[in-house]
Amino acid sequence: MLIPDFPFPYDDYITHEAGIGTVPADMYGTEVAVVGAGLSGLVAAYELMKMGLKPVVYESSRIGGRLRGGTQPGQSGPVADLGGMRFPKTGASFFHYADLVGIETQPFPNPLTPAAGSTVIELGGKAHYAETPDDLPGFFREVSNAWDDCLEERAHFSAMQEAIRARDLGTIKMLWNELVPRFDDISFSGYLATSKAFSSLPFEYREAFGQVGFGTGGWDTNFPDSILEILRVVYVDADADQHRIIGGAQLLPERLWNHAPSGLAHWPEGTSLASLHGGHPRPGVASIRRVPGGDGGPAGNLTGSQGPIAVTDKWGQSRQYAAVIATCQSWLLSARIDVDESLFSHKLWTAIERSHYMQSSKTFVVVDRPFWKDIDPQTGREVMSTTLTDRLTRGTYLLDNGPDQPALICLSYTWNDDALKWLPLDADERVRLMLHSLKQIYPTVDIAAHIIGDPITVSWEDDPNFMGAFSDNLPGHYRYQERLYTHFMQEGMDAAHRGIYLAGDGISWTGGWADGAVTTGLNAVWGVMTQLGGKTQPENPGPGDRFDELKPVRLP
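So, the overall build of the chain
Of the regular secondary structure elements, the chain holds 20 helices and 22 strands. For 556 residues, the compact-globule estimate of 2.2 N^0.38 gives 24 Å, and the C-alpha radius of gyration of the chain, at 24 Å, lies within 12% of that figure. If you line up the chain on its principal axes, its C-alpha atoms span 80 × 55 × 40 Å. Sorting the 556 residues of the chain into buried and exposed places 59% on the buried side.

As for the side chain of Thr221
Among the secondary structure elements, Thr221 is positioned in the loop between α9 (203–212) and α10 (227–235). Owing to a relative accessible area of 11%, Thr221 belongs among the buried residues under this scheme. Every residue in contact with Thr221, bar those within four places of it in the chain, is listed here: Met358, Trp415, Asn416 and Asp418.

Considering the sheet that holds strand β16 (residues 360–367)
Overall, mixed pairing links the 7 strands, which are arranged β8-β7-β17-β18-β19-β16-β20 in an open sheet. Each edge of the sheet is formed by a strand with only one pairing partner; in this case those strands are β8 (126–130) and β20 (456–459). Averaged over neighbouring strand pairs, the angle between their axes works out to 15 degrees when direction is ignored. Sheet topology places β16 next to strand β19 (residues 407–415); 8 bridges connect them, and they run antiparallel. Its bridge partner being in β19, Val365 is matched across the sheet by Ile409. Lying on the sheet, α9 is in contact with β7 (119–123) and β17 (386–389); it crosses β7 at an angle near 135 degrees.

Comments concerning the pattern of salt bridges
Evaluated as defined, the whole model comprises 22 salt bridges. For the salt bridge of Asp184 with Arg479, the shortest nitrogen-to-oxygen distance reads 3.7 Å. Taken together, the residues span a long stretch of sequence, with Asp184 in the loop between α6 (169–183) and α7 (188–193) and Arg479 in helix α18 (residues 478–485) at a distance of 295 residues. The class for Asp184 is buried, based on a relative accessible area of 2%. Through salt bridges that share partners, Asp220, Arg394, Asp418 and Lys421 make up one connected network.

Remarks on unusual backbone geometry
Phi at Asn416 takes a positive value of approximately 45 degrees, unusual for a residue other than glycine. One can find Asn416 in helix α16 (residues 416–420). For Asn416, a relative accessible area of 9% gives the class buried. A positive phi angle is found at Met467, which is not glycine, with a value near 60 degrees. Structurally, Met467 can be placed in the loop between β20 and β21 (470–471).

Quick notes on the pairing of β16
Where burial is concerned, most of β16 is hidden: 8 out of the 8 residues are buried. Across the two faces of β16 the burial is the same, with Ser360, Lys362, Phe364 and Val366 and Ser361, Thr363, Val365 and Val367 all buried. Here β16 pairs with β20 via 4 bridges, running antiparallel. The residue of β20 that forms the bridge with Thr363 is Thr457.

Definitions and limits used
- Residues numbered from 1 in each chain as written.
- Predicted model: local features only at pLDDT ≥ 70, side-chain atom pairs only at ≥ 80, totals over all residues.
- Heavy atoms only, no water.
- Helix = DSSP H or I, 4+ residues; strand = E, 2+ residues; numbered from the N terminus.
- Rg over C-alpha atoms; globule rule 2.2 N^0.38 Å.
- Buried < 20%, exposed > 50% of the residue type's maximum accessible area, 1.4 Å probe, protein only.
- Contact = heavy atoms within 4.5 Å.
- Pairing = 2+ DSSP bridges.
- Axes fitted to C-alpha atoms, helices over the stretch in contact; angles between N-to-C directions.
- Salt bridge = Lys/Arg side-chain N within 4 Å of Asp/Glu carboxyl O.

Below, the structure is given as structure tokens:
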């Protein structure tokens, strides 16, 4: 995922034998606050710990953030991935940490992939069964070809993919910097409608592409997005070759929390984030405020005349820090946490407030076994398949955990307006309505007869610690995202705005992708390291060291 806005090779950086940087020995043990124990916060805390600093992690809910596993009460599994569940293999920075802690994966059963076995696409009440794309009627191939053509037509698709594969950073920047001002104000829907490929075809082609799409499913919930958001995903094949984590995605943050790396600076062997915290992160944050002048201690000295930053938890306990990394959803910095306005410039506050978060809802049921693999004697086909439809359920995914073992059905995975339709309904009401929709597609299959226990569901927009699933830029939002992403570069900033660093996938150019959470966490670590007098090795420059060479284009 060499993102064209800032194509820094993070995977090379974090695997280099020289390490990602050091701080002076007199800084060892310096406390740095990390707000949020999601993936970004834990990666940042883990790397700070390795440098010899002391991360102090605050968490308002549970470790993992949106890498959240849901299980039935009193049951150990199977685990429903309520947040991140599909991880593209091109996310090399993400998989670096997954491999580090021994995470096992397998291909995700996306539509029309070998892992799915079979797929049913149902539009306008007509179902099409397929095991490969070639099994579908010619209409769908024409839709797929139109999508390929419209990417090639104006977005330099093949040239960009080749430059990314070759790590030709100069060509990536040249191509992308020309596209940004052309397309920042163009929506995904507008891009399709004005392409030669789709404008020469009837509307039903665009409609079908929106409803069932290709790769992971339908695209129309993204139609209001800036086309730049979509290009970033497809350039790096984030929509292809996706894997699921065996045992649930929450295993990665949980294991990172408990992992004791070797070769630590300052800390004794066997030290982990868990051991530094006595097993538990500190409570959720209630306020973040600058302390004028400070107490004269290390934090005051390191933040200049403005003084250290005080973080107060929900029980009123306050501690002062030289630096703070905030990885929570950006809206929480104004809606849920009392943040000193002077910590950010007015332009950055505007960018925080203008971030657009996508709604997302999932509903799972546990079933007694993967019954969908039963063969219908009438048709010779599997009785149920991964399903894409224009009905309320939209996407239904079948998650096998082994022969004759309890399995999972994600009855419905929806975004934006489709997700809001489920919001007022409780879990049982959701399941009843979803089963009714699926009955129209599979009239002879009694899904309910296989359900065991209670459903597992989430609506991320209803969670007070998230207020949405992930950021998703609308047309005209490039300037806001550029401000958020580049916030870790604090040289030249007003002193009042230094010492607090934003991170998380919403700060990245790829909201909703775990790789963006990892890389922005690394950006924040570079910022803290630099603030405390540290540096990278010349043979392994960090993101800030190469910033001027690779920085995102700044629109006027």
